[in-house]
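Spelled out from the first residue to the last, the chains are:
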Amino acid sequence: MKLTLTLNGVRCTDEVQADTTLFTYLREKGCLSVKCGCETSNCGLCTVWLDEKPVLSCSVPALRADGKKVTTLEGLQDEAAEFGAYLADEGAEQCGYCSPGFIMNVLAMSRELTHPTEQEIQEYLAGNLCRCSGYQGQLRAIRKFLAAKGGCV
Amino acid sequence: MKRNYVSTGVRKKDAMSLVTGKPVYTGDLVPANALRVKLLRSPHARAYIRSIDTSKAKLVPGVVCVLTWEDAPNSRFTTAGQTWPEPSPYDRLILDRQLRCCGDPVAIVAAETEQAATQALRMIQVDYEVQTPLLDFTKAKDNPIVVHPEENFRALCDVGTDAKRNLVSSDSFTVGNLDEEFSKCDVVLERTYNTLANSQAMMEPFCTYSYYDEYGRLTVVSSTQVPFHARRILSNALEIPKGNIRIIKPRIGGGFGAKQSVVSEIFPALVTKLTGRAAYLCYTRQESMTNGSPRHQMQMQVKIGATRDGTIRAIDLYALSNAGAYGDHGPTTIGLVGHKSLSLYGSLKASRFTCEVVYTNTMGGGAYRGYGATQGIFAVESAVNEIAAELGMDPTVIREKNMVKEGQVMPAYYGETCNSCTLDACMAAAKEHMNWDEKYPRRVLPNGHIRSVGVAIAMQGSGISAVDTASVEIRLNDGGFYTLLVGCTDMGTGCDTILAQMAADCLDCDIDDISVRGVDTDQSPYDTGSYASSTTYVTGGAVMKTCAELREKILAEGARILGVDPAQAEFDGQKVFVPGTDKSITRAEIGWASYEGHSKLLTACQSHSSPVSPPPFMVGMAEIDLDPETGHVEVVDYVAEVDCGTVINTNLARVQTEGGIVQGIGMALFENVQYNEAGKLLNDSFLQYKIPTRLEAGTIRVNFHPSYEPTGPFGAKSIGELVINTPSPAIADAIRNATGLSFRNLPIRAEDIALAIERQKHD
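The residue count restarts for each chain, going from 1 along the sequence in the order it is written. Throughout, the order in which chains and ligands are written sets their labels, letters from A for the former and numbers from 1 for the latter. Note on the predicted model: pLDDT of at least 70 is required for a residue's local features to be given, and 80 or more for side-chain atom pairs to be given and counted; whole-chain, interface and lining totals, by contrast, use all residues.

Engineer: Even after reading the chapter, I still don't get the overall build of chain B, so can you show me in this structure?
Structural biologist: Regarding its fold elements, chain B presents 18 helices and 29 strands. The C-alpha radius of gyration of chain B comes to 27 Å, within 12% of the 27 Å expected for a compact globule of 763 residues. Counting over 763 residues, chain B shows a buried share of 61%. Secondary structure elements are defined from DSSP: runs of H or I of at least 4 residues count as helices, runs of E of at least 2 residues count as strands, and each element is numbered from the N terminus. Just to be clear, the radius of gyration here is over C-alpha atoms, and the globule rule we use is 2.2 Å times residues to the power 0.38. The exposure label follows from counting other C-beta atoms within 10 Å of a residue's C-beta, where the C-beta atoms are placed from the backbone and the thresholds are 20 or more for buried and 12 or fewer for exposed, leaving partly exposed in between.

Engineer: What am I meant to see in helix H11 (residues 423-434) of chain B here?
Structural biologist: Given 3.6 residues per helical turn, the α-helix brings residues three or four places apart onto the same face. Residue and element names in this part refer to chain B. With twelve residues, H11 extends 16 Å between its outermost C-alpha atoms, agreeing within 8% with the 16 Å of an ideal straight helix rising 1.5 Å per residue. Within H11 the residues assigned to the buried category are Leu423, Cys426, Met427, Ala430, Lys431 and Met434. Taken down its axis, H11 places every buried residue within 130 degrees of arc, on the same side. Once C-beta atoms have been placed from the backbone, residue pairs whose C-beta atoms lie within 7 Å are recorded as contacts. Residues of H11 that are buried make contact with helix H10 (395-402), helix H12 (436-439), strand E19 (450-459), strand E27 (617-626) and strand E28 (633-643). Residue asparagine 435 follows H11 closely and has a positive phi angle near 55 degrees. One less than the number of residues in a helix, times 1.5 Å, gives the span that helix is expected to have. What the arc describes is the spread of directions from the helix axis to the C-beta atoms.

Engineer: Sorry, what's going on with the interface of chain A and chain B here?
Structural biologist: One widely used convention gives an interface's size as the accessible area the parts lose upon coming together. In this assembly, 41 residues from chain A lie in contact with 44 residues from chain B. Of all the elements in the fold, those that place two or more residues in the side of chain A that touches chain B are helix H2 (77-90), helix H3 (99-112) and helix H5 (136-149) of chain A. The element contributing the most residues to the side of chain A that touches chain B is H2(A), with eight residues. Here the residues of the side of chain A that touches chain B are counted per class, giving 20 nonpolar, 15 polar and six charged. Note on residue categories: nonpolar means Ala, Val, Leu, Ile, Met, Phe, Trp, Tyr, Cys or Pro, charged means Asp, Glu, Lys or Arg, and polar means any other residue, Gly included.

Engineer: What is the right way to look at the sheet that holds strand E15 (residues 350-359) of chain B in this model?
Structural biologist: The strands that make up a sheet are held in pairs by hydrogen bonds between backbone atoms, and each pair lies either parallel or antiparallel. All names here are of chain B. Paired strands, in this sense, are two strands between which DSSP finds at least two bridges. Across the sheet, which stays open at both edges, the five strands sit in the order E7-E15-E14-E13-E8 with mixed pairing between neighbours. On the outer flanks of this sheet lie strand E7 (167-175) and strand E8 (187-195), each paired with one strand and no other. The mean angle between the axes of side-by-side strands here comes to 5 degrees, regardless of whether they run parallel or antiparallel. Relative to strand E14 (residues 312-324), strand E13 (residues 297-306) runs antiparallel, the two sharing ten bridges. Residue pairing in the sheet places glutamine 299 in a bridge with leucine 320 of E14. Interaxial angles span 0 to 180 degrees and are taken between N-to-C directions of axes, which are lines fitted to C-alpha atoms, for helices over the stretch in contact. The strands touched by helix H8 (residues 330-342) are E7, E13, E14 and E15; relative to E14, the strand with the most contacts, the crossing angle is about 160 degrees.

Engineer: What is the right way to read the domain arrangement of chain B from this model?
Structural biologist: Residues and elements named next belong to chain B. Start and end positions for the domains come from either an automated domain assignment or a database one. Its domain assignment divides chain B into domain 1 (15-20 + 465-608), domain 2 (31-133 + 200-290) and domain 3 (421-460 + 613-763). With centres defined by C-alpha atoms, the gap from domain 1 to domain 2 works out at 38 Å. Each side of the interface is counted separately: domain 1 has 15 residues, and domain 2 has 18 residues. Classifying every residue of the side of domain 1 that touches domain 2 gives five nonpolar, seven polar and three charged.

Engineer: Would you mind showing me how to read the sheet that holds strand E3 (residues 63-67) of chain B here?
Structural biologist: Residue and element names in this part refer to chain B. As summarised here, the arrangement of the seven strands in space is E3-E5-E1-E12-E9-E10-E11, forming an open sheet in which the pairing is mixed. Edge strands, defined here as strands with exactly one partner in the open sheet, are E3 and strand E11 (245-248). Strand-to-strand twist of the sheet, defined as the mean angle between neighbouring strand axes without regard to direction, takes the value 20 degrees. Strand direction decides the pairing type here: strand E9 (residues 207-212) and strand E12 (residues 279-282), joined by four bridges, are antiparallel.

Engineer: What exactly am I supposed to notice about the packing of helix H14 (residues 535-562) of chain B against helix H15 (residues 587-595) of chain B here?
Structural biologist: In a pair of packed helices, the angle between the axes and the distance between the axes together describe the arrangement. Residues and elements named next belong to chain B. Contact geometry for H14 and H15: axes closest at 10 Å, N-to-C directions at 80 degrees. By the angle class used here, H14 and H15 are roughly perpendicular. Between H14 and H15, the residues in contact are Ile554, Glu557, Gly558 and Ile561 and Arg587, Ile590, Ala593 and Ser594, respectively. A per-class count over the contact of H14 with H15 returns four nonpolar, two polar and two charged. An angle below 35 degrees is read as roughly parallel, one above 145 as roughly antiparallel, one from 65 to 115 as roughly perpendicular, and any other as oblique.

Engineer: Got a minute to help me understand unusual backbone geometry in this structure?
Structural biologist: Residues other than glycine predominantly adopt negative phi, and peptide bonds predominantly adopt the trans conformation. Going from Gly518(B) to Val519(B), the amide bond is cis rather than trans, its omega being 0 degrees. Structurally, the position occupied by Val519(B) is in the loop between strand E22 (514-517) and H14. Looking along the chain, the bond that leaves Leu746(B) and enters Pro747(B) is cis, with omega of -5 degrees. The backbone phi angle of Glu52(A) is positive, close to 75 degrees, even though this residue is not glycine. Position of Glu52(A) among the secondary structure elements: in the loop between strand E3 (47-50) and strand E4 (53-56).

Engineer: Is there a simple way to explain the confidence of the model for chain B in this structure?
Structural biologist: Note: predicted coordinates in regions of low pLDDT should not be interpreted at a detailed level. The share of residues in chain B with pLDDT of 70 or more is 100%, and the mean pLDDT across the chain is 97. Model confidence for the complex is summarised by a pTM of 0.98, with the ipTM given as 0.98. pLDDT measures the predictor's confidence residue by residue and takes values from 0 up to 100.

Engineer: What exactly am I supposed to notice about the pairing of E14(B) here?
Structural biologist: Regular strands show a simple pattern: their side chains alternate between the two faces of the sheet. Residues and elements named next belong to chain B. The buried fraction of E14 is high, at twelve of 13 residues. Note that E14 and E15 share ten bridges and pair parallel. Among the inter-strand pairings, leucine 320 is bridged to a residue of E15, identified as glutamate 356. Crossovers are marked right-handed if the path from the first strand over the helix to the second runs clockwise, as seen with the strands pointing away from the viewer. With respect to chirality, the unit in which E14 leads through H8 into the neighbouring parallel E15 is right-handed.

Engineer: Help me understand the environment of Ser742(B), please; the structure alone is not making it clear to me.
Structural biologist: Residue and element names in this part refer to chain B. Following the sequence through the fold, serine 742 ends up in the loop between helix H17 (727-739) and helix H18 (750-762). Along the sequence, serine 742 and glycine 310 sit 432 residues apart, while their C-alpha atoms lie 20 Å from each other. Setting aside its immediate chain neighbours within four residues, serine 742 contacts Glu386 and Arg736.

Engineer: Please explain the environment of Gly253(B) as it appears in this structure.
Structural biologist: If you trace the backbone, Gly253(B) turns up in the loop between E11 and helix H6 (266-275). Between the C-alpha atom of Gly253(B) and that of Gly492(B), which follows or precedes it by 239 residues, the distance is 6.8 Å. Once you skip the residues sitting within four places of it in the chain, Gly253(B) turns out to touch Cys95(A), Tyr97(A), Tyr25(B), Met202(B), Met203(B), Glu204(B) and Ser223(B).

Engineer: Before we go on, may I ask you to explain the pairing of E11(B) in this structure?
Structural biologist: Residues and elements named next belong to chain B. Where strand E10 (residues 218-222) lies against E11, four bridges are found, and the strand directions are parallel. Within E11, the position partnered with threonine 219 by the bridge is arginine 246. With helix H5 (residues 227-238) bridging E10 and its parallel neighbour E11, the resulting β-α-β unit is right-handed.

The structure is reproduced here in structure tokens:
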């Protein structure tokens, strides 16, 4: 079946199977920042944006993205580096495997919530698992990032 | 030595590539033409394969091979990544006709696409002779069901193995006269504690691809903590010479010990060996959970005795470990149960540790952060908390009275002397930061919830004494920058950066002047790998030696060019010069000179091993909020006071601590492992196996109290494993302080607490 979408600002048309997930499609398109950590929609590693809203790409059929805008970390390199620098300065990226999905969601949150409380931050990001960091350093990075952007907590 | 980088929070050298999502992991680098490998797994916990019909599967378009036990080598091996001769018995085949646990591999399919491989799996017809499984590890020894009856079973080391009795290993040691010491005690308690086979749940599953390189050598790219051990294990399993194998480790998406076993490597490697094609296998999360390398399930019996004044005189500890179907890491994890729990108490006049590791038909165990110490410390620390309660003593006070102190000999710790320990300062700081004296034991909030606190202390080792070996090589390049080649494996912990920090300070240079590279077994110097909390301590030691050698070489070469005696010259990191004269040559110029005309390549390579394994120590205190109606426990605050010797990277040590504590909270409260009566694991996804999210992590406050370890680089000890050891006993203590009920089985679930409170009301 034919799928037409805008991937990181570039219009693409591809043939996909009806049961191809957006995750599989994006990896095949070379968006290798998108990772798989489970098969049960629990880990948040495969988070991408569909029309600017974060979704779990493992649970979205690729065809659902037809006519829509899909954004991965490959399309947000400057913003990823901007927030990522705060994460790096805490050493909280650790193995880094959950970082792309987590950062996609942090960037979505920073656009969606203007002055989030700590509880709102934790709830917004609750679906992004990390086994290395214990989440504390991620929170320190978010606080500093939002404070620098004027959206302090 | 001047410290510009050591004891600072330098950013990890690979940080920006990780946070911008660069393709640096095994699964991102797979060649386009690689075959997709899938495994048919046993639905039975114990069965014999009467026959397999693969003819239909082979007809699926795109299928290249379907391999069964008839196609695989017949040499038994262990997947445990340990120094040869491995203490883990050689009890595995790549594909065995006898299946020993649910998920044991039955057949390997390789196909051009994942869909074809998946379809072919469904077309394989297997005739199983289903046998009764042995699932209860407390009944495994001398059970009529023998898990490993095969004749070519081999134990390389004398670890008390007796496969015919289902014994993977057995051991014991005694210090002092137990009976005499117990007879002097006013209070003696006997308690039994149980822990489960927790999953490491690293975010990147087991993942490997393999191919033949241009020299016809089998190249295996894998997410592994043990590249050099993996080379030998693949050689054993595939029956090909080690010299024909090359292992490459890219970035690793977490390990926690899981990848100290060669879990996924063997299958694509066998496909490449037999087909000549590149092959790729990435485990699903389900496979990672059902057939990974989890913590060993254990049952521990503690007999502890103290006098009325709170002096702990004797502990008798027995541990039974469930190896599951295979003995990987079984004989070694069990040792830490005793050595790294009993040694916390310098007051002990007598102690005994007895252990047995048994085979059953559950998933085989492996290495998981803490490696037995976690289980042993849960048991012993819980027992200490229980005897404190029995004596009416504050559990911090009983520890202050009994815990090991700097300068003491630790008889249960291989007789090593404790040369660096600030446990006393850690305890004082923990009490202050937690406001312990005010909060202990509990208070009831207006909403009926109970706030309570609990405490535990912990230790670990720093590398395996006299076994772990690390080598590094450092080269001075043209232009004056250095290349640091390491064989240890940065799995996210940041050891590449930590070693560069040490090298930069040893060489008096900018950290950006050092490029780090690891690991490729064809290019990197030998290292046993990253496990046993060894990289900072052992590989760091190799960095110190190598830098010293390289400094001398640079000085000698600079002096030679300047035409002076090296004894008159100095090297300050930037230049070689003769004090009081204008004779000087920069490092960059020496680098150029060593290349131009090829007079002398300036490189140094040193190995390091330590005869001791100095323990890091810590105190952990948990404050919980317990809802007596539902039994729900929230860890609201956790105070961690840590002595890991000199802290090399302040950020990374902190994050290691925070991460370990949250992993420990999961073990204490949520991470359940349940088998059905047929031996199938039920908690095989993140839906059923609940690791902590950020909502369960609470606030964690970490402080360091560095001792100075004389045998460590810059005075450093280890940090990685220690930090998972306090949450289980500290949280169990807090729950007891809240409810008056002792919980001795992990995890302590809300329903366990609620039901126990109900029962207490009716009693």
